[in-house]
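Below are the chains, spelled out letter by letter.
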Amino acid sequence: MSALDHPQPEDTLEEFLDRVRPRIRGLFLRYRIPPQDTEDILQQALLALLYHRDSIRDPEAWLVGTLRNKCLLYWRDHRRKLYDAVDAAVLEVVAEPQAPDQEGADLRRDLTSAIDQLPERCRSILSLRYRHGYSPSEMAVFLGYSQGSISKMTNRCLAALTRRLVASGILRGQE
Amino acid sequence: MTENHPAQPVLERFVLGHLPAAEMRQVSQHLLAGCSECRQVTAGLWEHGAQLAARVPSAEGIVDRSACDEAIDRIFHIILTRESEVARERAQGRELFEELARHPPARQHLMVSNSARFLSRMLCEILLEQAHEAGFREPARAVELARLGVAIADRLAERSGEKGGEGLKGLRARAWAQLGNALRISSDHAGADQAFETATELLDPVRITPHEIARVLDFEASLRRDQRRFVEATRLMDQVIAIYRKLGQRSLLGRSLQQKSLICGESGDSDGEIALLRRALELLNPEEEPRIFLAARHNLISALCESGRPREAFALLFHTRPLYLKQGDRLNLLRLRWLEGAVSRGLQRYEQAAVAFREVREAFLELGLDYDAALASLDLAEIYATQGRTADVRGLADEMLEVFRSRKIHREAMGALSVLQKAASTERAELVLVREVGSFLRKARNQPDLQFTPIS
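Please read all numbers here as calculations on a predicted model, not as lab measurements.

### Observations concerning the overall build of chain B
Consideration 1: Each helix and strand in chain B was counted, giving 21 helices and 0 strands.
Consideration 2: A compact globule built from 456 residues should have a C-alpha radius of gyration of about 23 Å, whereas chain B, at 29 Å, is more than 25% larger.
Consideration 3: A principal-axis box enclosing the C-alpha atoms of chain B has dimensions of 95 × 55 × 40 Å.

### Topic: the overall build of chain A
Consideration 1: A tally of regular secondary structure across chain A gives 7 helices and 0 strands.
Consideration 2: Starting at the N terminus and walking to the C terminus, you meet the elements of chain A as α-α-α-α-α-α-α.
Consideration 3: The contacts of chain A with a sequence gap of at least 6 include a subset with a gap of at least 24, amounting to 59%.

### Here we look at the interface of chain A and chain B
Consideration 1: The interface is formed by 60 residues belonging to chain A together with 56 residues belonging to chain B.
Consideration 2: Going through the elements one at a time, α1 (13–30), α2 (35–51), α3 (59–95), α4 (102–116) and α7 (147–168) of chain A are the ones with two or more residues in the side of chain A that touches chain B.
Consideration 3: Taken together, the residues of the side of chain A that touches chain B break down into 35 nonpolar, 10 polar and 15 charged.

### Quick notes on the environment of Arg435 of chain B
Consideration 1: Tracing the backbone shows Arg435 of chain B in helix α21 (residues 431–444).
Consideration 2: In this structure the C-alpha to C-alpha distance between Arg435 of chain B and Asp379 of chain B, which are 56 residues apart in sequence, comes to 8.3 Å.

### Considering the domain arrangement of chain B
Often, the extent of an interface is quoted as the loss of accessible area on bringing the components together.
Consideration 1: Domain assignment breaks chain B into domain 1 (1–56), domain 2 (286–348) and domain 3 (367–456).
Consideration 2: Taking only C-alpha atoms into account, the centre of domain 2 of chain B sits 24 Å from that of domain 3 of chain B.

### A few points about the packing of helix α8 (residues 169–185) of chain B against helix α10 (residues 210–226) of chain B
All names here are of chain B.
Consideration 1: α10 packs onto α8 with a crossing angle of 20° between their chain directions and a minimal axis gap of 9 Å. Relative to α10, α8 is oriented roughly parallel. When you trace α8 past α10, the crossing you get is left-handed. Here Gly170, Ala173, Arg174, Ala177, Gly180, Asn181 and Arg184 of α8 come into contact with α10, specifically with Glu212, Arg215, Val216, Phe219, Glu220, Ser222, Leu223 and Asp226.
Consideration 2: Residue classes in the contact of α8 with α10 are distributed as 5 nonpolar, 4 polar and 6 charged.

### Examining the packing of helix α6 (residues 121–137) of chain B against α8 of chain B
All names here are of chain B.
Consideration 1: Packing of α6 against α8 brings their axes to within 10 Å, and their N-to-C directions diverge by 20°. One way to sum up the angle between α6 and α8 is to call them roughly parallel. Like other packed secondary-structure pairs, α6 and α8 cross with a definite hand, here left-handed. Along the contact surface, α6 presents Arg121, Cys124, Leu128, Ala131, His132 and Gly135, while α8 presents Leu171, Arg174, Ala175, Gln178, Asn181, Ala182 and Ile185.
Consideration 2: The residue inventory of the contact of α6 with α8, partitioned by class, reads 7 nonpolar, 4 polar and 2 charged.

### Comments concerning the nonpolar core
Consideration 1: Core analysis: the largest hydrophobic core is formed by 141 residues, its most contacted members being Leu127 and Ala146 of chain B.
Consideration 2: Apart from the residues within four sequence positions on either side, Leu127 of chain B is in contact with Phe97, Leu145, Leu148, Gly149 and Ile152 of chain B.
Consideration 3: Residues Val86, Ile115 and Leu161 of chain A together with Ala33 of chain B belong to the second largest nonpolar core, which totals 32 residues.

### Things to note about the confidence of the model for chain B
All names here are of chain B.
Consideration 1: When pLDDT is averaged across chain B, the result is 87; 92% of the residues are at 70 or more.
Consideration 2: The low-confidence segment residues 55–61 (pLDDT under 50) makes 11 contacts with residues lying over four places distant or belonging to another chain.
Consideration 3: With a pTM of 0.78, the predicted complex shows an ipTM of 0.75.

### Here we look at α1 of chain A
Residues and elements named next belong to chain A.
Consideration 1: End to end, α1 covers 25 Å across 18 residues, agreeing with the expected 26 Å (1.5 Å per residue, within 8%).
Consideration 2: Its axis deflected by about 45° at Val20, α1 carries its strongest bend there, up to four residues before the proline Pro22.
Consideration 3: Here α1 has its buried residues at Val20, Ile24, Leu27, Phe28 and Leu29.

### Quick look at the environment of Glu366 of chain B
Consideration 1: Along the chain, Glu366 of chain B falls in helix α17 (residues 350–367).
Consideration 2: The spatial distance from the C-alpha of Glu366 of chain B to the C-alpha of Cys35 of chain B is 84 Å, given a sequence separation of 331 residues.

### A look at unusual backbone geometry
Consideration 1: Even without a glycine there, the phi angle at Arg32 of chain A is positive, about 55°.
Consideration 2: The topology assignment puts Arg32 of chain A in the loop between α1 and α2.
Consideration 3: Even without being glycine, Arg228 of chain B reaches a positive phi, approximately 60°.

### Details of the environment of Tyr244 of chain B
Residues and elements named next belong to chain B.
Consideration 1: Here Tyr244 is to be found in helix α11 (residues 230–246).
Consideration 2: Judged by the 26 C-beta atoms lying within 10 Å of it, Tyr244 falls in the buried class.
Consideration 3: Residues Tyr244 and Arg107, 137 residues apart in the sequence, show an inter-C-alpha distance of 39 Å.
Consideration 4: Each residue touching Tyr244, except ones within four places of it in the same chain, is listed here: Ala214, Gln249, Leu252, Leu253 and Ser256.

### Points about α17 of chain B
Residue and element names in this part refer to chain B.
Consideration 1: If you check α17, its first and last C-alpha atoms are 26 Å apart, about what 18 residues at 1.5 Å a residue would give, namely 26 Å.
Consideration 2: When α17 is considered as a whole, its buried residues turn out to be Ala353, Ala354, Ala356, Phe357, Val360, Arg361 and Phe364. Along the axis of α17, the buried residues cluster in a sector spanning 165°; they form a single face. Turned more than 90 degrees off the buried face of α17, the exposed positions are Glu351, Glu362 and Glu366.
Consideration 3: Buried positions along α17 lie against α16 (330–346) and α18 (370–386).
Consideration 4: A positive backbone phi angle near 80° is found at Gly368, which sits one or two residues after α17.

### Focus: the confidence of the model for chain A
All names here are of chain A.
Consideration 1: Of the residues in chain A, 85% reach a pLDDT of 70 or more, and the chain-wide mean stands at 81.
Consideration 2: The lowest-confidence element of chain A is α4, averaging 75 in pLDDT; the highest-confidence one is α1, averaging 93.
Consideration 3: Note on residues 1–7: pLDDT under 50 across the span, and 6 contacts to partners over four residues away in sequence or across chains.
Consideration 4: A low-confidence stretch, residues 170–175 (pLDDT under 50), is modelled with 17 contacts involving residues beyond four sequence positions or located in other chains.

Conventions we followed
- Residues numbered from 1 in each chain as written.
- Chains lettered and ligands numbered in written order.
- Predicted model: local features only at pLDDT ≥ 70, side-chain atom pairs only at ≥ 80, totals over all residues.
- Helix = DSSP H or I, 4+ residues; strand = E, 2+ residues; numbered from the N terminus.
- Rg over C-alpha atoms; globule rule 2.2 N^0.38 Å.
- Contact = placed C-beta atoms within 7 Å.
- Nonpolar A, V, L, I, M, F, W, Y, C, P; charged D, E, K, R; others polar.
- Domains from an automatic or database assignment.
- Axes fitted to C-alpha atoms, helices over the stretch in contact; angles between N-to-C directions.
- Parallel < 35°, antiparallel > 145°, perpendicular 65-115°, else oblique.
- Left-handed = near helix turned anticlockwise from the far one by under 90°.
- Core = buried A, V, L, I, M, F, W, Y, C linked by C-beta atoms within 7 Å.
- Buried ≥ 20, exposed ≤ 12 C-beta atoms within 10 Å, placed from the backbone.
- pLDDT = per-residue confidence, 0-100.
- Expected span 1.5 Å × (residues − 1).
- Bend = angle between axes of the 7 residues up to and from the residue.
- Arc of directions from axis to C-beta.

Listed below in structure tokens is the structure:
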């Protein structure tokens, strides 16, 4: 049976909070949200519930669903920070002047090799970005995508590159 | 490659995206330089982060349980304190709304724009609720109320500064969407498009609850449906349905399925429409939401009729009749009578159908609901055309044209009725043409710019 099948009887806010506490706690622990961020997410969701309590039929399901969504967004947002950091680091490497030292040359070769192992679409996007210096809007025009689509695809490709860098180690260290 | 390896906790925070931006970049550079030792550590940490980001939370125990409990306690305390404040704000909001309502619309705008007293979140919420309600009865009033809501929401955000304004994005997005919806109902599609553009820009999933996002997308789907952009409307409704399912909102899920069924119906997918209405009816509670439940039943009976299943429609109508009678208001009883006519027509009981359509038509004219009267007239004309009574078809077309002309409403609908009138005057008003005009009038109701081009 899903949560949809269990409408909750009306109770006071205090009773409601007592009743949902174990589920909320379990959710934050399961998603490993640090306490400071737990406070922000929980306060935002509970305030929204307070303002719209009259129009929400099953507040427990609403709250748990909202918090789960916020926890996922929290992690996606943090993952994005990771991709942005890798992107910035790669852009720094490729922006170095020509005729780099041996270490720099190795780094570029490894980066090329990492990009070459990604799917075709990511290869095109990341090559335009790192080898030819295209901005996202220029890539969108060149590849015929909308601005929104190119940004989503770039993000996915950065995720794939980051995975190779952080998780599978295709670079020099494992050669 | 540098020999200064980041410590394990630093690598962990790096993988979780928890380090400040500069440190994130430093660790990236270190890994990019090919440090196999550190990559071995990050590879182990990656999987966990990937699970979290991919909705498969598994690991527990890394966050301090007592710290988590303390955080929850603190917020519960704040919320319990806020409860009475919100109740007070709500009462004040109602008083402010009543005060506003005592003045003419132009004055209301001045009051909202110039007086800090009216900068109340609750007043804004009440205005949006009232705009929604007015949309069913007084479209112009709905626009005025929504505009007041937008003015307050925008001013509240402006006053709160950048950080506080972020927290009001949800309210602003809903206010702009409510305005877009009111403009849609008033047939101002260009204005509605602009309002939804602003509402969509404010849809920041980090700051806004999924419920608020669903509200905005739901309204936008209605606009796209009216604009006959069915693919977009369906995509938006699918998002809304997914959100309400995740939030466990049974009733809202039922309403969304009902909304989606309208898109199917208007795009000609009657099987899809019927299937969605049946699912919606399973989720809607007739005790809690009798009007919405009845609307879904009404639409289902109508769809069954239109898809050539009048016997099923007849059976369902028999079971639904008590719900109409329970509602008891004149409009609902007229809708029932209209539906009885349609079911009788489906069952080829033409005389019964004609009596019902005639009654409905007269009642709509009496109530000043000319457009509905025209639609009922066309249903009646369809019966006459089936029976070869061309002179009666012409009589109906003459009468409806006269009504439309005298009230100066809906130029394109008048054009379509003119075509029917001319055809009838030369004895060429065939059933196909009557149906075409009827179908056009139904579509053109929400799309005044739609042009009538007869195929037959």
